[in-house]
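Survey of secondary and tertiary structure
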Amino acid sequence: MEIFSLQEYYTFTKGIVYLLMGGALIGVTLFWQFLMGGNNNDD
Amino acid sequence: MLRRTFLGMLGTACVGASIPGVASASKEFTGHPGSNGVLFDATRCIGCRKCEEACNKVNDLPVPDKKYDDLTVLDTKRRTDAKTLTVVNKYKADKGPLFRKSQCNHCLEPACASACFVKAFKKLPNGAVVYDESVCVGCRYCMVACPFSIPAYEYDEPLTPRVMKCTMCAPRLAEGKLPGCVESCPKEALVYGERDELIKIARKRIERNPDRYVDHLYGEKEMGGTSWLYLSGVPFTEIGMREDLGTKSAPELTAGALASVPMVAGLWPVLLGGIYAISKRKDKVANEEKKEAVANAIAKASEQAEKTLSEALSKADVANKRQIEVEVKKAVEDALTPKEEESDENSEGES
Amino acid sequence: MSNPGNPGSKSNLTAFNVIAGAIIVMGLVITVLRFTKGLGAVTNLDDNNPWGLWIGFDLLCGVALAAGGYTTSAACYIFGLKRFHSAVRPAILTAFLGYALVVFALQYDLGRPWRLPYPIFVQQGTTSLLFEVGLCVMLYLTVLFIEFTPAMFEWLGMKKIRSVVVKLTLALTIFGVVLSTLHQSSLGALYTIAPSKLHPLWYSTYLPVFFFVSSIAAGLSMVIFEGTLSHKKLHRMMDEEYLKHHDGVVLGFGKAASLVLFGYFAIKMIGLAYANNWHYLTSGYGLWFMVEMLGFVALPCFLYAVGVREKNLGLIKKAAIITVLGIVLNRFNVSLVAFNYHLPSSERYFPTMMEIGISVFVVTLGVVIFRFITTRMPIFHEHPDYKGEH
Ligand code: SF4
Ligand code: SF4
Ligand code: SF4
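Below you will find a few notes about this structure.

Parameters and conventions
Residues numbered from 1 in each chain as written. Chains lettered and ligands numbered in written order. Predicted model: local features only at pLDDT ≥ 70, side-chain atom pairs only at ≥ 80, totals over all residues. Heavy atoms only, no water. Helix = DSSP H or I, 4+ residues; strand = E, 2+ residues; numbered from the N terminus. Rg over C-alpha atoms; globule rule 2.2 N^0.38 Å. Buried < 20%, exposed > 50% of the residue type's maximum accessible area, 1.4 Å probe, protein only. Contact = heavy atoms within 4.5 Å. Areas by Shrake-Rupley, 256 points an atom, 1.4 Å probe, with all protein chains shown as cover. Lys, Arg positive; Asp, Glu negative; His and termini not counted. Charge placed at Lys NZ, Arg CZ, Asp CG, Glu CD. Near = heavy atom within 4 Å. Nonpolar A, V, L, I, M, F, W, Y, C, P; charged D, E, K, R; others polar. Polar contact = N/O pair within 3.5 Å; in protein donor to acceptor, adjacent residues only side chain to side chain. Buried area = accessible area lost by both parts, 1.4 Å probe. Salt bridge = Lys/Arg side-chain N within 4 Å of Asp/Glu carboxyl O. Core = buried A, V, L, I, M, F, W, Y, C linked by side-chain atoms within 4.5 Å. Pairing = 2+ DSSP bridges. Axes fitted to C-alpha atoms, helices over the stretch in contact; angles between N-to-C directions. Parallel < 35°, antiparallel > 145°, perpendicular 65-115°, else oblique. Left-handed = near helix turned anticlockwise from the far one by under 90°. Expected span 1.5 Å × (residues − 1).

**Description of the overall build of chain C**
Of the regular secondary structure elements, chain C holds 14 helices and 0 strands. Seen in sequence order, chain C has helices and strands lined up from the N terminus as α-α-α-α-α-α-α-α-α-α-α-α-α-α. Relative to its length of 390 residues, chain C is compact, with a C-alpha radius of gyration of 21 Å against a globular reference of 21 Å. Looking at the 390 residues of chain C, the share that counts as buried comes to 58%. Expressed as a percentage of contacts within chain C between residues at least 6 apart in sequence, the contacts between residues at least 24 apart total 79%. With an accessible surface of roughly 15,900 Å², chain C has 71% of that area assigned to carbon and sulfur atoms. On chain C, the mean spot of the 28 positive side-chain charges and the mean spot of the 19 negative ones are 4 Å from each other.

Shown next, in the form of structure tokens:
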């Protein structure tokens, strides 16, 4: 796919960004569990 | 050697990540090479409405009540609507009436396409911006977005309304024919061709007849450029075209808002999580302080009690030591037994 | 023993029920017209004015005024202001109902309503701000629903599921705030694509920020406002816990709203300066802009502050009402009054009675459902089995 217009370019990049956003939201939840878990749970 | 392999791998990874064929860094786009457009010359248009008629025919639209040779229609200002994909309007000027055809301008960066949340609009390589009815939800955001107020809507269709606009006759172009309106124009006020060529032609016309034209090719830059271009002998505002649109294209206008969306999604959880952790820790510290304070108070109180007791004892020592000691012992024993029971009960109740 | 969970068993023929019934019948009639004769028959929408009251009020105001959900739950669960706990459930419920009704009302406005899932599941127009709004509203509606389910599970006595959901509270709250930030702001950003159609005093590249910040003020004020209303009408459903904290909630939210309004006023002025739009202030639109800014932002900001300082609950409630009206005014200005300002008045839009009818119908539906739920589920009171569990 070759891209000729800003419009197509944004459609493409924003598509990826939306996927990343979903990934980041799920990722941060898991990471939070990881960070707050473990045995140093006193503060 | 090792280093080189590593760099090589890194390079491959980068290329892989940028996905072949996608221009990554440079964001200057000039549209499909060799895409087409139409040049409209207002100084040639005579307001015969032949283009309107042709458009109506090639698009199989319902025939209007007033015939196309009825030129009184021109006396009222009209716009494109669900049954009319192009209209010619009349404007009064010093030199006599002027006419201007309007239809979709087939923007290089279409606002309608940028706004549509189902990608119903597409800029084809041949220059036409076309609409796909099979996905349209009917939100009409495209109509809000179009700076030229072109798309119209079938408001009277209860369940299957479509957005209606000029297609640059994409189906005819695919067959190698000219757009209906261009073909029917008796004055060659409409010229179809490669956009780059049209720009050259227009420039030449302006150069050769500087008195006839204003030095402005409308659509070359407006809203990021359009495939439909306009020449005029009077300032464009006088033939009903907005000159305050600017050259920024629709995707550029929304780029800032769109760019901040992923930042919020990425950073808000971190920020809010941080605030949560801090407020929780504060709660905890406050709780601990409270506990400590209570413990301190209890300790202090019992210390005090002991002290008074021992003081009383030593005072009592002065007189009849022995006897009093016995009595005190008795009294203390008496006093303590029920208390012990009580405290036993208390601790049971608490646990 | 007083059990606040019992619905009041009185006659059904109260004035409220009669009026609500009449409005609902009227709404149904217009509904039939809309889906048999088309948008053209019931609305004044046309090719120049594709968005009317149903977008300006039902969507923009609906979403802004339902912001109480995320502001309250954020205050309680993220900022750790536990004393607002009693306000969370009513706020979540109103937010959920608000969003559900926004989506419901959208069915009238969309040309082909059954295709509403298309942008998410069929073809994603990722460059559209409306895509962003749609995606977030869908996700947020789900989040709100899950946040609301504990009340339902308590009502139905399903303890296990309830405890699972309660464990998710923090994650849900943070998601809620993220999604709300995004779609509240994106509703404003919808208009950034049309600088040529929106009056420069209301158009700004900061529009998304304006919409987001004002939605916080709207949310806080709505919680105060609704609290007052429910207080009068649904007093019998409220337990001590709710009543004890009610005044504290009003004071705290009043303080917060005052501060937010101050910030909102400041950034609006910065917006003016950024686009160098001062000279428009002397025009007719400028006057109208000043009315909005001074009468419906600066004034309630000040009233809130005085009310909080003097612990004057009455004044705070008045400020809340003015703020809510101000948000409605702002959304109307952006979507209707200042939109298409360049067109001659004959081409401007004014809603038909039927459009107004549907909007009234939708609001009435909301109130009826709210009453139905609050008189049955533990919203304004804690369920006896789960007392003191926060
Ligand atoms: S003129 Fe309007 S409808 Fe035509 S391509 Fe441009 S934005 Fe789209
Ligand atoms: S009305 Fe149809 S074409 Fe226009 S923006 Fe909405 S979905 Fe896209
Ligand atoms: S290009 Fe075709 S659709 Fe467009 S105005 Fe001309 S005849 Fe009509």
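**Considerations on the site of ligand 2**
In the vicinity of ligand 2, 13 residues are found, and the nearest of them are Cys116, Cys136, Cys139, Arg140 and Cys142 of chain B. Partitioned by chemical class, the residues of the shell around ligand 2 number 11 nonpolar, 1 polar and 1 charged.

**Topic: the side chain of Arg49 of chain B**
Residues and elements named next belong to chain B. Tracing the backbone shows Arg49 in the loop between strand E1 (36–41) and helix H2 (50–58). Polar side-chain contacts of Arg49 include one of 3.1 Å to the side chain of Glu52. For Arg49, the side chain forms a polar contact with the main-chain oxygen of Lys67, separated by 3.4 Å. If we skip the residues at most four places from it in the chain, Arg49 touches Lys67, Tyr68, Asp70, Leu71, Val73, Leu74 and Arg78.

**A closer look at the interface of chain C and chain A**
Across the boundary between the two partners, chain C contributes 9 residues, which contact 10 residues of chain A. A combined buried area of about 760 Å² lies between chain C and chain A, and 75% of that area is made up of carbon and sulfur atoms. Contact with chain A buries surface across chain C, with Thr126, Thr127 and Phe175 of chain C losing the most and accounting together for 58% of the total. Between the two partners, chain C and chain A, sit 0 salt bridges. Here chain C and chain A share 2 residue pairs in polar contact (both at pLDDT 80 or more) between them. Of all the secondary-structure elements, those providing two or more residues to the side of chain C that touches chain A are helix H7 (129–156) and helix H9 (169–189) of chain C. Ranked by residues supplied to the side of chain C that touches chain A, first place goes to H9 of chain C with 4 residues. For the side of chain C that touches chain A, a count of residues per class yields 6 nonpolar, 2 polar and 1 charged.

**Notes on unusual backbone geometry**
Residue and element names in this part refer to chain B. Phi is positive for Ser149, which is not a glycine, with a value near 50 degrees. Tracing the sequence through the fold places Ser149 in the loop between helix H4 (141–145) and strand E6 (152–153). Positive phi values are uncommon outside glycine, yet Glu188 reaches one of about 55 degrees. Note that Glu188 resides in the loop between helix H6 (180–184) and strand E8 (190–194).

**Concerning the site of ligand 3**
In the vicinity of ligand 3, the residues found are Cys55, Asn59, Thr86, Lys101, Cys166, Thr167, Met168, Cys169, Pro179, Gly180, Cys181 and Trp228 of chain B. Residues of the shell around ligand 3, tallied by class, amount to 7 nonpolar, 4 polar and 1 charged.

**Details of the nonpolar core**
Counting residues in hydrophobic clusters, the biggest one holds 191 residues, and the most contacted among them are Phe121, Tyr141, Leu190 and Trp228 of chain B together with Phe148, Tyr191 and Leu198 of chain C. Sequence-distant contacts of Leu190 of chain B, that is, excluding residues within four places in its chain, are made with Val38, Leu39, Phe40, Cys51, Lys101, Cys181, Val182, Cys185 and Trp228 of chain B. With 10 residues, the next largest nonpolar core counts Leu39, Val191, Ile199 and Leu229 of chain B among its residues.

**What to know about the pairing of E1 of chain B**
Residue and element names in this part refer to chain B. Counted residue by residue, E1 has 6 buried out of 6 residues, so it is predominantly covered. Judged by which residues are buried, E1 turns out to be covered on both faces: Asn36, Val38 and Phe40 on one side and Gly37, Leu39 and Asp41 on the other are all buried. As paired strands, E1 and E8 are joined by 5 bridges and run antiparallel to one another. Counted as the bridge partner of Leu39 is Val191 from E8. Where E1 meets strand E9 (residues 228–231), 4 bridges bridge the pair, whose relative direction is parallel. When the bridges of E9 are listed, Leu39 appears paired with Leu229.

**So, the packing of helix H4 (residues 68–78) of chain C against helix H5 (residues 85–109) of chain C**
Residue and element names in this part refer to chain C. At a minimum axis separation of 8 Å, H4 and H5 run at an interaxial angle of 155 degrees. Looking at the two axes, H4 sits roughly antiparallel to H5. Both H4 and H5 take part in a crossing whose hand is left-handed. For the pair formed by H4 and H5, the contact residues are Gly68, Gly69, Thr72, Ser73, Cys76 and Tyr77 on the first element and His85, Ala87, Val88, Ala91, Ile92 and Ala95 on the second. Of the residues belonging to the contact of H4 with H5, the class tally is 7 nonpolar, 5 polar and no charged.

**Structural notes on the environment of Phe57 of chain C**
Residues and elements named next belong to chain C. Of note, Phe57 is situated in helix H3 (residues 53–65). Considering only alpha carbons, one finds Phe57 and Leu329, 272 residues apart in sequence, at a separation of 9.7 Å. Each residue touching Phe57, except ones within four places of it in the same chain, is listed here: Gly62, Phe332, Ser359 and Val363.

**Quick notes on the environment of Pro384 of chain C**
Residue and element names in this part refer to chain C. Within the secondary structure, Pro384 is located in the segment after helix H14 (353–374). Residue class for Pro384 comes out exposed when judged on its relative accessible area of 56%. Separated by 230 residues in the primary sequence, Pro384 and Glu154 place their C-alpha atoms 9.5 Å from one another.

**Points about the pattern of salt bridges**
The final tally for this structure, using the stated rule, is 17 salt bridges over all chains. Linking Arg162 of chain B and Glu154 of chain B is a salt bridge whose minimum nitrogen-to-oxygen distance equals 2.9 Å. A residue is classified by how much of its surface remains accessible, and Arg162 of chain B, at 28% relative accessible area, is partly exposed. By relative accessible area, which is 14% here, Glu154 of chain B ends up buried. For Glu154 of chain C, the salt bridge is made with Arg162 of chain C, and the minimal N-O distance between the two is 2.6 Å. Residue classification places Glu154 of chain C among the buried residues on the basis of a relative accessible area of 3%.

**Looking at helix H1 (residues 6–36) of chain A**
All names here are of chain A. Here H1 spans 43 Å end to end across 31 residues, near enough to the 45 Å set by a 1.5 Å rise per residue. Of the positions making up H1, those classed as buried are Leu6, Gln7, Tyr9, Tyr10, Thr11, Lys14, Tyr18, Met21 and Leu25. Two residues or fewer after H1 comes Gly38, characterised by a positive phi angle close to 75 degrees.

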